[in-house]
Structure formats: structure tokens, C-alpha cells
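# Summary of the model geometry
Each chain, written out:
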Amino acid sequence: MATGTINISTFGSIAILDDAMVSQSFSIGDFSFGTWGRIRDISVTLGGLNHTFPDDLDFLLVGPSRAAFELWSDAGGDTDIVNGNFTIADSAASSLPDQTAIASGTFLPTDYPLLETSTIIINHPAPNGTATLHSVFDGTFVAGTWSLFILDDTGNASVGSLASWGLQITYNLIVKTDDFNGDTNSDILWRNDNGQINFWNMNGTQINGEGGVAHALVPNDWHIQGTGDFDADNRSDILWRHDSGQTYIWEMNGQNVKAEGAIMHAAVPNDWHIQGTGDFDADGKSDILWRHDSGQVYFWEMDGLGVKAEGAAAHAAVPNDWHIQRIGDFNGDTNSDILWRHDSGQVYIWEMDGLGTKAEGWRSARCGSQRLADPGHRRLQQRRQQRHSMAPRQRAGLHLGDGWLGDQSGRCCATRPGF
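Residues numbered from 1 in each chain as written. Predicted model: local features only at pLDDT ≥ 70, side-chain atom pairs only at ≥ 80, totals over all residues. Heavy atoms only, no water.

## So, the overall build of the chain
- A count of helices and strands for the chain gives two helices and 29 strands.
- Considering the chain as a whole, with its 419 residues, one finds that 47% of them fall into the buried category.
- Taking all contacts inside the chain whose residues are at least 6 apart in sequence as the whole, residues at least 24 apart take part in 58%. (Helix = DSSP H or I, 4+ residues; strand = E, 2+ residues; numbered from the N terminus. Buried < 20%, exposed > 50% of the residue type's maximum accessible area, 1.4 Å probe, protein only. Contact = heavy atoms within 4.5 Å.)

## Looking at the sheet that holds strand S12 (residues 197-203)
- Overall, antiparallel pairing links the three strands, which are arranged S11-S12-S13 in an open sheet. This sheet does not close on itself; its edge strands, each paired only once, are strand S11 (188-191) and strand S13 (206-212). This sheet shows a mean twist of 20 degrees between the axes of neighbouring strands, independent of strand direction. (Pairing = 2+ DSSP bridges. Axes fitted to C-alpha atoms, helices over the stretch in contact; angles between N-to-C directions.)

## Looking at the side chain of Asp-337
- Here Asp-337 is to be found in strand S23 (residues 337-342).
- One buried charged residue, Asp-337, remains without a salt bridge, the closest side chain of opposite sign being Lys-358 at 6.4 Å.
- Among the polar contacts listed, one links the side chain of Asp-337 to the backbone nitrogen of Phe-330, at a separation of 2.8 Å.
- Within the structure, Asp-337 has its side chain in polar contact with the backbone nitrogen of Met-352 (distance 2.8 Å).
- In contact with Asp-337, other than residues within four places in its own chain, are Phe-280, Arg-326, Ile-327, Gly-328, Asp-329, Phe-330, Asn-331, Ile-349, Trp-350, Glu-351 and Met-352. (Lys, Arg positive; Asp, Glu negative; His and termini not counted. Salt bridge = Lys/Arg side-chain N within 4 Å of Asp/Glu carboxyl O. Polar contact = N/O pair within 3.5 Å; in protein donor to acceptor, adjacent residues only side chain to side chain.)

## Concerning the packing of aromatic side chains
- Applying the stated rule across the entire model yields 15 aromatic pairs.
- With a centroid separation of 5.1 Å and 85 degrees between ring planes, the pair formed by Trp-72 and Phe-86 is classed as edge-to-face. Remark: Phe-86 occurs in strand S6 (residues 81-88) and Trp-72 occurs in strand S5 (residues 68-73); sequence separation between them is 14 residues.
- Note on Trp-72: relative accessible area 0%, which makes it buried.
- Residue classification places Phe-86 among the buried positions, given a relative accessible area of 2%. (Phe/Tyr/Trp six-rings, centres within 6.5 Å; stacked < 30°, edge-to-face > 60°.)

## Considering the pattern of salt bridges
- For the structure shown, the criterion picks out seven salt bridges.
- Across the pair Lys-258 and Asp-233 runs a salt bridge whose closest N-O atoms are separated by 2.6 Å. Of this pair, Lys-258 sits in strand S17 (residues 256-262) while Asp-233 sits in the loop between strand S14 (222-228) and strand S15 (237-242); the two residues are 25 residues apart in sequence, bridging distant segments of the chain.
- What makes Lys-258 partly exposed here is its relative accessible area of 45%.
- Overall, Asp-233 belongs to the buried group, its relative accessible area being 16%.

## A short note on the environment of Gly-306
- Secondary-structure assignment places Gly-306 in strand S21 (residues 306-312).
- For Gly-306, a relative accessible area of 11% gives the class buried.
- Residues Gly-306 and Ala-262 lie 44 residues apart in sequence; the distance between their C-alpha atoms is 8.9 Å.
- Ignoring any residue separated from it by four or fewer positions in sequence, one finds Gly-306 in contact with Met-264 and Glu-301.

## A closer look at the pairing of strand S16 (residues 247-253)
- Counted residue by residue, S16 has five buried out of seven residues, so it is predominantly covered.
- Sheet topology note: the S15/S16 ladder contains four bridges and is antiparallel. Across the sheet, Trp-240 pairs through a bridge with Tyr-248, a residue of S16.
- Following S15, the chain reverses through four residues before pairing antiparallel with S16; Gly-245 in that reversal takes a positive phi of roughly 105 degrees.
- Pairing of S16 with S17, which is carried by six bridges, proceeds in the antiparallel orientation.

## Let's talk about the nonpolar core
- Ranked by size, the top nonpolar core spans 40 residues in total, and within it Phe-59, Trp-72, Phe-137, Trp-146, Trp-165, Leu-167 and Ile-169 carry the most contacts.
- Dropping the residues within four chain positions of it, Trp-72 is found in contact with Leu-46, Leu-49, Leu-57, Asp-58, Phe-59, Ile-81, Phe-86, Ile-88, Leu-96, Ile-102 and Thr-110.
- Counting 14 residues, the second largest nonpolar core, distinct from the first, contains Phe-299, Val-318, Trp-322 and Trp-362. (Core = buried A, V, L, I, M, F, W, Y, C linked by side-chain atoms within 4.5 Å.)

## Some points on the side chain of Thr-110
- Within the secondary structure, Thr-110 is located in strand S8 (residues 110-111).
- Ignoring anything within four residues of it in the chain, the contact list for Thr-110 reads Leu-71, Trp-72, Ser-73, Ser-95, Leu-96, Pro-125, Ala-126 and Pro-127.

## Focus on unusual backbone geometry
- Between Ala-126 and the following residue, Pro-127, the backbone shows a cis peptide bond with an omega angle of 0 degrees.
- Within the fold, Pro-127 resides in the loop between S8 and helix H1 (133-137).
- Phi angles above zero are rare outside glycine, and Asp-74 is one such case at about 60 degrees.
- Secondary-structure assignment places Asp-74 in the loop between S5 and S6.
- With a phi angle near 50 degrees, Asn-83 is a residue other than glycine that sits in the positive phi range.
- Within the fold, Asn-83 resides in strand S6.

## With respect to the sheet that holds S15
- A sheet is described by the order of its strands in space; here four strands give the open sequence S14-S15-S16-S17, paired in antiparallel fashion. Looking at the sheet topology across the chains shown, the edges are occupied by S14 and S17. When strand polarity is set aside, the average angle formed by the axes of neighbouring strands in this sheet is 25 degrees.
- By the bridge criterion, six bridges tie S14 to S15 in an arrangement that is antiparallel.

## Quick word on the confidence of the model for the chain
- In the predicted model, the chain carries a mean pLDDT of 82, and the fraction of residues at 70 or more is 83%.
- Considering only residues more than four positions removed or in separate chains, one finds that residues 364-419, a stretch of pLDDT under 50, has 103 contacts. (pLDDT = per-residue confidence, 0-100.)

Following this line, the structure appears as C-alpha cells:
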């Protein structure tokens with residue numbers, strides 16, 4: 001993954017009416033990050049705000065994921081705001097004042113009592129709640145429709161206007177492991193028996209360009225082990241391994257090798273096997289996942305050609321009737337996770353945070369009837385106790401008006417204490 005920023009604002013004054021709600025929306029298109037940009041940090045700007053009774057004001061931000069966050073509510077007492085300019089950010093030093101005048105500046109999201117009643121699920125910051133911009137929007141996608149709802153919640157002849165509002169977003173670009181030219185489309189990597197490397201740069205079913213890599217032929221005692229963005233330039237690179245155990249990277253720019261070299265690490269014995277690449281520490285650069293014949297899982301956290309950190313997963317070794325099938329971000333936190341499958345067909349996920357497994361569990365189409373060998377050597381009684389304690393988990397949906405937004409399905413799944 002690579003990291004980027006985007007600043008976007010609307011212009012065109014919004015009239016804030018007494019005892020009424022108004023809203024304005026805009027869409028962030030794909031731009032350079034396609035649909036793959038995930039939020040790491042977000043702040044909200046409010047420009048040219050005027051109001052004759054600020055204590056009536058509530059601001060609600062709704063993102064493309066339909067998550068809703070009340071970033072400003074019932075602050076400022078009865079002192080007029082005149083042409084105020086504000087940034088609402090988790091990094092601010094102080095909250096909006098409750099009963100005193102609000103000067104232009106940067107403030108924490110703030111929601112003073114009382115809580116509003118609503119048909120939608122709203123995340124509230126302090127002091128009414130504990131939510132933050134980060135807790136609500138981190139890991140969600142940038143692209144899509146963003147809406148700001150402004151409510152004047154009391155009929156006392158107060159009026160106002162907002163000249164503009166906008167978002168400042170830092171995002172991680174999830175680079176597809178097979179996008180070599182940075183156009184957000186997957187490409188096809190070929191290798192000839194003679195060692196020649198060739199690309200098809202794809203656009204749907206069309207080949208936009210093709211050609212061989214401008215590089216000497218690679219002997220067949222070198223093997224492509226994976227692809228990933230090791231230098232955070234939004235383009236996939238190629239990971240090689242020699243029969244001797246030596247690892248090597250081509251940092252790519254389309255069909256050109258812009259840099260290459262051996263990974264700065266001793267050769268790895270051949271009882272260790274590369275399982276894939278992913279960004280396990282969410283630093284925007286691909287890392288390497290290893291597994292030993294003993295079942296031990298190990299990570300290299302990469303920085304270009306260098307291994308900036310390494311270590312075994314903080315987890316018991318996994319028996320060899322369990323196999324790593326895929327690496328992906330299954331919980332949307334921008335850290336890559338690991339998908340396992342047992343010889344019986346059972347699937348299991350490790351949700352990762354660097355070298356640590358922060359959560360893990362299994363999933364079946366039928367809850368309460370799973371049967372499998374426990375990969376952490378848990379006793380049968382422990383498994384029975386876990387099975388009896390399973391309960392469907394309800395994930396709340398978001399309602400706005402009469403439309404359904406979000407996922408309200410009850411998800412039946414179980415988390416086991418150890419793999």
C-alpha cells in the first residue's frame with residue numbers, strides 16, 4: 001500500500017433554517033486511487049459559518065459506508081458566530097466550548113447533552129459518547145458520496161449560513177498485487193520457459209500494452225514467489241527466490257525494472273516457504289509472509305529492499321493439515337489478515353496487527369454444527385464449551401429516512417480462543 005492525501009471542499013452557501021434540517025452532498029470520484037483508497041485520518045472543515053444561536057446547531061457527517069458521526073452539537077451558547085472558520089479534527093487540543101463564544105479555530109469533535117432522537121444510528125463524540133472521526137471512518141473507502149446534515153434543533157427564530165465545507169483525508173492506497181503500471185487495473189505477468197518476463201497491461205478484457213521486461217533473461221533456478229508494492233510507489237513489484245534460499249526484488253515501473261537487488265538478509269533455508277505478500281503493519285509497503293515445515297508462521301516487515309523488522313507470529317505453530325490460502329484485509333483495518341483452510345474444508349481467519357493476531361475465528365454456513373480438528377490442540381471439552389457459548393452477532397444498519405443503508409443481517413459465526 002501507498003499513502004496519499006486529498007483535500008476537497010464544496011462552495012455554494014447553505015442556508016441554515018430555524019428548527020429545520022438541511023444537507024449538502026458531494027461525491028469523491030476514483031481519482032488516482034480508484035476504488036481502493038482506505039481512510040487513515042480525516043478532518044472536517046467548515047468555512048464562513050454564521051449563526052445567531054449556535055447552541056441550536058448540530059452537524060452530522062455521513063460517509064460512503066453510511067457511517068454517521070455527529071461532529072458538532074449544542075456548543076457555543078447564545079453568542080453569535082460571525083464568519084467563523086473551523087476545523088474539526090481528532091488531533092485538536094480542545095473541545096468546542098459549551099456556553100461561551102466560539103472563535104475560529106481547530107477543535108475536537110464535540111457533542112453536548114441532550115442526545116437527539118433519530119431513526120438513524122449516530123456515533124457521538126465526547127461528552128455524550130466516545131466516538132471519534134478515526135473510530136467511525138478509519139479503514140472505510142474514500143470514494144463515494146459524502147453528506148453533511150445541519151440541524152437547527154430549536155424554534156427560537158435563529159438563522160444562519162455555511163459558505164463551504166470540506167474534508168481533509170489521508171488514505172492508504174491498496175495497490176493490487178498485479179497492477180504494474182499504476183492504473184488500478186490488474187495486469188497479467190507471464191514467464192517463458194527461457195526465463196523471459198512479459199506483461200499484459202489490462203483494461204477489462206482489452207490489452208492496453210504488452211512487452212517484455214527490459215532485463216536479461218533470468219535462469220530457472222530463480223522463481224517468482226509473489227508480487228507486491230515494496231516501495232510504496234503505487235505499482236506492483238516482483239519478489240524472487242533462488243534455489244539457494246536467496247530472496248530478491250525487482251521494483252517495477254510498468255515494464256521497466258527501476259531498481260533491483262537482493263533483500264538485505266541472509267539466505268533462508270528451504271524448509272521455510274514464502275506464502276505470500278501483504279501489508280501486515282499498515283505502513284503502505286508490502287511485507288513477506290513465511291511458513292516453516294514445522295508450521296511456524298514468520299513475517300518480514302519490509303521497507304523497499306530492506307527488512308525493517310521481523311519475527312514469528314505471536315501464536316502457536318499450526319499443524320500442517322492447515323494451509324494458508326489467501327492474504328487480504330478481511331476486517332477493513334488496512335492490516336492484511338490470513339485466511340486458512342483445513343484439509344476437512346473448514347476455513348479460519350487470523351486478523352493481524354503486525355506480528356500479533358488480534359482476533360481469530362472460524363466461519364461455517366451452519367452455526368452450532370461445526371466439526372473440525374482444533375488447530376491449536378485445544379481439548380474437546382474446550383471446543384464443546386466454546387460451541388455452547390456461540391451466539392449470533394447483530395451488526396446494526398443505518399437508516400436515513402425510509403431507505404435502508406448498511407448491513408442489518410444477523411451474522412452467525414464463532415470465534416475460537418486459539419488456533
